[in-house]
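# Working through the structure, step by step
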Amino acid sequence: VNTADVYRLAQRARAKVFSLGLAPSFAEFGPRTVIDPPLRLVGERSIAIGADVYIGAGSWLQVVGPSALTTISPALVIGAGTRMSGTCTVSVAAGVDIGRSVLFARGVYVADHRHAFADIDLPVLEQGIEQVAPVVIGDGAWLGEHVVVCPGVTIGRGAVVGANSVVTADVAPGSVAVGAPARVVRTRARV
Ligand SMILES: CC(C)(COP(=O)(O)OP(=O)(O)OC[C@H]1O[C@@H](n2cnc3c(N)ncnc32)[C@H](O)[C@@H]1OP(=O)(O)O)[C@@H](O)C(=O)NCCC(=O)NCCS
């Protein structure tokens, strides 16, 4: 047993203990689901996470409120077997539904709202939020490093989104979309 083995074991044990302690605070927290700390967390009572989910270190899950906007319950759903590699952000005002076995690379950002910025005389920070519209990410989708998903977007089942893409419009199931704004470049084939 070398230092790397001990380190990995200790990391895994810490994440497991952290997750077991945190589990009762959520609307739902499936068996074998692991969240690796540190975690920034707001509104956990409105977050339902399925079984066998992994959420990597440095992630930020939040349901902002209490809010009249939060009409979908639970506001954030993360389906079974989904994996967020780390430093991912999911910020929810109305509803975000992430399917089963979805893969987020590091640094993915998903929000169903944005900062309002109409008033030039006010700091953006003080203008509240706008464009509140639910986001859906279908089963088996893969979002590459640092993908940004904008309000109101539906990413279809099995879609792939290339690294650093900004998804401003719906992506059809099984398609590959890249760029800012993301455009579909091809459709995945059945092999
Ligand atoms: C999208 C991706 C998977 C490649 O898919 P692909 O279907 O093989 O696509 P191709 O490489 O044939 O590229 C198709 C076109 O999209 C462009 N493209 C590919 N990835 C792109 C990206 N991330 N941003 C912008 N354009 C991209 C290519 O340049 C090519 O353009 P062209 O037709 O004008 O030459 C890959 O480029 C990518 O972004 N991978 C993400 C890797 C990652 O984040 N890994 C984390 C591990 S969880």
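Structure first, text after, so check above.
For the rest of this paragraph, the subject is the sheet that holds strand S11 (residues 103-104). An order of S2-S5-S8-S11-S16-S19-S21-S22 is seen for the eight strands of this open sheet, with the pairing classed as mixed. The open sheet has two edge strands, strand S2 (34-35) and strand S22 (183-187), and neither has a second partner. Across two bridges, S2 lies against strand S5 (residues 54-55) in parallel orientation. In the sheet register, Val 34 faces S5, and the bridge partner there is Tyr 54.

What follows deals with the site of the ligand. Close contacts around the ligand come from Ala 105, Trp 142, Gly 144, Glu 145, Gly 162, Ala 163, Val 176, Val 178, Gly 179, Val 185 and Arg 186, and that covers them all. Within the contact set of the ligand, an oxygen atom lies 2.8 Å away from a backbone nitrogen or oxygen of Glu 145. In this structure, Ala 163 approaches the ligand through a main-chain N or O atom, which is 2.9 Å from a nitrogen atom. When the free accessible area of the ligand is taken as 920 Å², the share hidden by the protein chains comes to 45%. Those elements that place two or more of their residues in the shell around the ligand are strand S21 (175-178) and S22. The class makeup of the residues in the shell around the ligand is six nonpolar, three polar and two charged.

Pairing within the open sheet is parallel, and its six strands lie in the order S3-S6-S9-S12-S17-S20. Either end of the sheet is taken by a strand with one partner, and the two such strands are strand S3 (39-42) and strand S20 (166-167). Alignment of strand S9 (residues 89-92) against strand S12 (residues 109-111), held across three bridges, turns out to be parallel. Bridge pairing links Val 90 to Val 110 in S12.

Moving on, we come to the side chain of Ser 165. Of note, Ser 165 is situated in the loop between strand S19 (160-161) and S20. A distance of 2.7 Å separates a polar atom in the side chain of Ser 165 from the backbone oxygen of Gly 162.

Take the state of the cysteines next. Inspection of every chain in the model, using the stated rule, returns zero disulfides. A disulfide-free cysteine, Cys 88 has its sulfur positioned 16 Å from the sulfur of Cys 150, the nearest such atom.

This part is about helix H1 (residues 3-22). For H1, built from 20 residues, the straight-helix expectation of 28 Å at 1.5 Å per residue is met to within 8% by its first-to-last C-alpha distance of 28 Å. Where H1 is concerned, the buried positions are Ala 15, Ser 19 and Leu 22. For H1, the angular spread of the buried residues around the axis is 70°, confining them to a single face. Turned more than 90 degrees away from the buried face of H1 sit Thr 3, Leu 9, Val 17, Leu 20 and Gly 21, all of them exposed. The inward-facing, buried residues of H1 contact strand S1 (28-29), S2 and S3. One side-chain oxygen of the residue at the start of H1 lies 3.1 Å from the amide nitrogen of Ala 4, identifying that residue as Asn 2.

Counting 39 residues, the largest nonpolar core has Phe 104 and Ile 155 as the members making the most contacts within it. Setting aside residues no more than four positions away along its own chain, Ile 155 makes contact with Val 136, Ile 137, Gly 138, Ala 141, Leu 143, Val 149, Val 161, Val 167 and Val 171.

Let us look at the side chain of Asp 112. Relative to the assigned elements, Asp 112 resides in the loop between S12 and strand S13 (114-115). Notably, Asp 112 is buried but unbridged: the nearest opposite-charge side chain belongs to Arg 114, and the N-O separation is 12 Å. At 2.7 Å, the side chain of Asp 112 forms a polar contact with the backbone nitrogen of Ala 93.

Parameters and conventions
Residues numbered from 1 in each chain as written. Predicted model: local features only at pLDDT ≥ 70, side-chain atom pairs only at ≥ 80, totals over all residues. Heavy atoms only, no water. Pairing = 2+ DSSP bridges. Helix = DSSP H or I, 4+ residues; strand = E, 2+ residues; numbered from the N terminus. Near = heavy atom within 4 Å. Polar contact = N/O pair within 3.5 Å; in protein donor to acceptor, adjacent residues only side chain to side chain. Areas by Shrake-Rupley, 256 points an atom, 1.4 Å probe, with all protein chains shown as cover. Nonpolar A, V, L, I, M, F, W, Y, C, P; charged D, E, K, R; others polar. Disulfide = S-S within 2.5 Å. Expected span 1.5 Å × (residues − 1). Buried < 20%, exposed > 50% of the residue type's maximum accessible area, 1.4 Å probe, protein only. Arc of directions from axis to C-beta. Contact = heavy atoms within 4.5 Å. Core = buried A, V, L, I, M, F, W, Y, C linked by side-chain atoms within 4.5 Å. Lys, Arg positive; Asp, Glu negative; His and termini not counted. Salt bridge = Lys/Arg side-chain N within 4 Å of Asp/Glu carboxyl O.

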